[in-house]
Amino acid sequence: MIGQSVRYKATIEELEPIEMLIFPQAKIEELAKINPEIYKWLYHSTHKTQQAWIRAQISTLYDKETRIVSSLLEIAKYIPNIKGSFQKIHASQRQLSLITGISRPRLNETLKELEVSKEISLERGVIHLLKPDALRKRMERVSQNMSGHE
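Let us look at the structure shown here. (Residues numbered from 1 in each chain as written. Predicted model: local features only at pLDDT ≥ 70, side-chain atom pairs only at ≥ 80, totals over all residues. Heavy atoms only, no water.)

Now for the sheet that holds strand β3 (residues 126-129). The antiparallel open sheet is built from three strands, whose spatial order is β1-β3-β2. Single-partner strands in this sheet number two, and they are β1 (87-90) and β2 (120-123). Neighbour-to-neighbour, the strand axes of this sheet turn through a mean angle of 20°, independent of strand direction. The sheet contact formed by β2 and β3 spans four bridges and is antiparallel. Within the sheet, the bridge partner assigned to glutamate 123 lies in β3 and is valine 126. (Pairing = 2+ DSSP bridges. Helix = DSSP H or I, 4+ residues; strand = E, 2+ residues; numbered from the N terminus. Axes fitted to C-alpha atoms, helices over the stretch in contact; angles between N-to-C directions.)

So, about the nonpolar core. Of all hydrophobic cores here, the largest spans 19 residues; its most connected members are Leu72, Ile89, Leu96, Leu111, Ile127 and Leu129. Of all the elements, helix α3 (residues 64-76) adds the most residues to this core, at six residues. Sequence-distant contacts of isoleucine 89, that is, excluding residues within four places in its chain, are made with Leu72, Ile75, Ala76, Ile79, Gly125, Val126, Ile127 and Leu129. (Core = buried A, V, L, I, M, F, W, Y, C linked by side-chain atoms within 4.5 Å. Buried < 20%, exposed > 50% of the residue type's maximum accessible area, 1.4 Å probe, protein only. Contact = heavy atoms within 4.5 Å.)

This part takes up unusual backbone geometry. Not every positive phi belongs to a glycine, and lysine 118 is a case in point at roughly 60°. Along the chain, the position of lysine 118 falls in the loop between α5 (104-116) and β2.

All right, on to the layout of surface pockets then. By volume, the second largest pocket amounts to about 210 Å³. Contributing to the lining of the second largest pocket are 14 residues, with Ser92, Gln93, Glu123, Arg124 and Gly125 lying nearest its centre. Of all the secondary structure elements, the ones that give two or more residues to the lining of the second largest pocket are α4 (93-100), α5, β2 and β3. Broken down by element, the residue count for the lining of the second largest pocket peaks at four residues, all from α5. Of the residues in the lining of the second largest pocket, the class split is six nonpolar, four polar and four charged. (1 Å grid on protein atoms, 1.4 Å probe; cavity = no way out; pocket = protein on both sides within 12 Å on 5 of 7 lines; lining within 4 Å. Points joined across faces, edges and corners; volume = space filled by probe spheres on them. Nonpolar A, V, L, I, M, F, W, Y, C, P; charged D, E, K, R; others polar.)

How two helices sit against one another is set out by the angle between their axes and by the gap between those axes. Where α4 meets α5, the closest approach of the two axes is 9 Å, and the angle between their N-to-C directions is 105°. Taken together, the axes of α4 and α5 are roughly perpendicular relative to one another. Contacts from Gln93, Arg94, Leu96, Ser97 and Thr100 of α4 reach α5 at Arg104, Leu107, Asn108 and Leu111. Across the contact of α4 with α5, the residue classes break down as three nonpolar, four polar and two charged. (Parallel < 35°, antiparallel > 145°, perpendicular 65-115°, else oblique.)

Here β3 shows no split at all, with Val126 and His128 on one side and Ile127 and Leu129 on the other all buried. When β1 meets β3, the two strands line up antiparallel, connected through four bridges. Note on β3: the bridge partner recorded for glutamine 87 is leucine 129.

Printed below as a string of structure tokens:
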């Protein structure tokens with residue numbers, strides 16, 4: 001975040017290799033004076049990240065199923081997929097438990113329910129999204145309920 005003095009406590013759980021770039025505030029301010037276009041680009045890049053961060057924070061207000069489905073769909077957005085194949089999320093239940101903030105037994109319970117409905121299939125350390133559209137519909141129902149439209 002640029003120009004924000006807010007402090008966040010976060011746990012980062014790496015599912016795929018990632019790189020994080022952290023720029024000291026003083027360097028960002030210096031850059032803004034030297035090259036405003038790069039500063040603008042960084043600002044807009046952080047804006048998109050902030051939106052994802054806020055969505056993740058808000059998701060903790062939902063029930064466990066919504067939190068799990070939301071997390072699976074969010075993770076799936078960043079995983080390359082071959083057209084016509086099922087998307088695979090390489091994550092252990094321990095990792096998903098940390099990401100969602102839901103205990104492993106409750107997480108496992110919900111994953112099994114999604115598996116029974118044939119929306120996902122489970123394999124050790126892998127979740128196959130069999131019916132991502134059905135998962136998205138679950139999220140649409142949550143949005144409709146939140147806005148008062150059923």
